[in-house]
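A structural walkthrough
Here is what each chain is made of, one letter per residue.
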Amino acid sequence: MSGRAAAVTAAAALLVLTGCASTAQTYERVTVVEGGDGLALLCIDGATETEPPACSADNPAILAWDWIGLDHREAGGVRWGQFRIVGEQFGDMFMMVEPPSNAG
């Protein structure tokens, strides 16, 4: 597990234990990109039009992202797709409060 992934996991555990709450955000059609580091990024500020797409590392990592059951593409060790996502952002992390679904 990379240093950032370990920090994200530890922070998520802390949020659960402390009961921090925020207002849920809904993204009806947002790109998610996962590169070789295993972290899926929520491309809030958009993704490049290249294949595979890229988004800035300044975007939040999505906690517990899983591609199973979701339509996505893969090339060059990168997975991506567009989804409907509902969750809360805590600094550089995004925690889903509903399961993601394919963008319609």
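Each value, and the rule that gives it
Residues numbered from 1 in each chain as written. Predicted model: local features only at pLDDT ≥ 70, side-chain atom pairs only at ≥ 80, totals over all residues. Heavy atoms only, no water. Helix = DSSP H or I, 4+ residues; strand = E, 2+ residues; numbered from the N terminus. Buried < 20%, exposed > 50% of the residue type's maximum accessible area, 1.4 Å probe, protein only. Areas by Shrake-Rupley, 256 points an atom, 1.4 Å probe, with all protein chains shown as cover. Phe/Tyr/Trp six-rings, centres within 6.5 Å; stacked < 30°, edge-to-face > 60°. Polar contact = N/O pair within 3.5 Å; in protein donor to acceptor, adjacent residues only side chain to side chain. Contact = heavy atoms within 4.5 Å. Disulfide = S-S within 2.5 Å. Salt bridge = Lys/Arg side-chain N within 4 Å of Asp/Glu carboxyl O. Core = buried A, V, L, I, M, F, W, Y, C linked by side-chain atoms within 4.5 Å.

The number of helices and strands found in the chain is one helix and seven strands. For the chain, the succession of helices and strands along the chain, N to C, is α-β-β-β-β-β-β-β. Taking all 104 residues of the chain together, 36% fall into the buried category. In the form shown here, the chain has an accessible surface area of approximately 5,900 Å², with 54% of it arising from carbon and sulfur atoms.

Tallied over the entire structure, the rule returns four aromatic pairs. Grouped by ring-pair contacts, the aromatic residues Trp65, Trp67 and Phe83 constitute a single cluster.

Bringing the side chain of Thr31 into the picture now. Mapping Thr31 onto the fold places it in strand β1 (residues 25-34). Side chain to side chain, Thr31 and Gln82 meet in a polar contact 3.3 Å long. Every residue in contact with Thr31, bar those within four places of it in the chain, is listed here: Leu41, Leu42, Cys43, Ala47, Gly81 and Gln82.

Turning to the state of the cysteines, a few remarks are in order. Tallied over the full model, the rule gives one disulfide. At a sulfur-sulfur separation of 2.3 Å, the disulfide partner of Cys43 is Cys55. Handedness of the Cys43-Cys55 disulfide follows from its S-S torsion of about -65 degrees: it is left-handed. Taken together, the positions of Cys43 in the loop between β2 (40-42) and β3 (61-62) and Cys55 in the loop between β2 and β3 put the pair twelve residues apart, joining distant regions of the chain. There is no split in this pair, since Cys43 and Cys55 are both buried.

On to the pattern of salt bridges. In this structure the tally under the stated criterion is four salt bridges. Taken together, the salt bridges that share partners define one network made up of Glu28, Arg84 and Glu98.

Residue placement: Glu98 occurs in the loop between β6 (93-96) and β7 (101-102). When its relative accessible area of 36% is taken as the criterion, Glu98 is described as partly exposed. In sequence terms Glu98 and Thr26 are 72 residues apart; their C-alpha atoms lie 9.8 Å from each other. The contact partners of Glu98, leaving out residues within four places of it in the chain, are Arg84 and Val86. Polar side-chain contacts of Glu98 include one of 3.2 Å to the side chain of Arg84.

Our next topic: the nonpolar core. The biggest cluster of nonpolar side chains holds 13 residues, and the ones touching the most others in it are Val32, Leu42, Ile62, Trp65, Phe83 and Ile85. Ranked by residues supplied to this core, first place goes to β1 with three residues. With near-sequence residues (within four places) excluded, Trp65 lies in contact with Val32, Glu34, Ala40, Leu70, Phe83, Ile85, Met96 and Pro100. Counting residues in each nonpolar core, the second largest holds eight residues, with Val33, Leu39, Cys43 and Ala61 among its members.

Keep in mind these numbers describe shape, not what the thing actually does.
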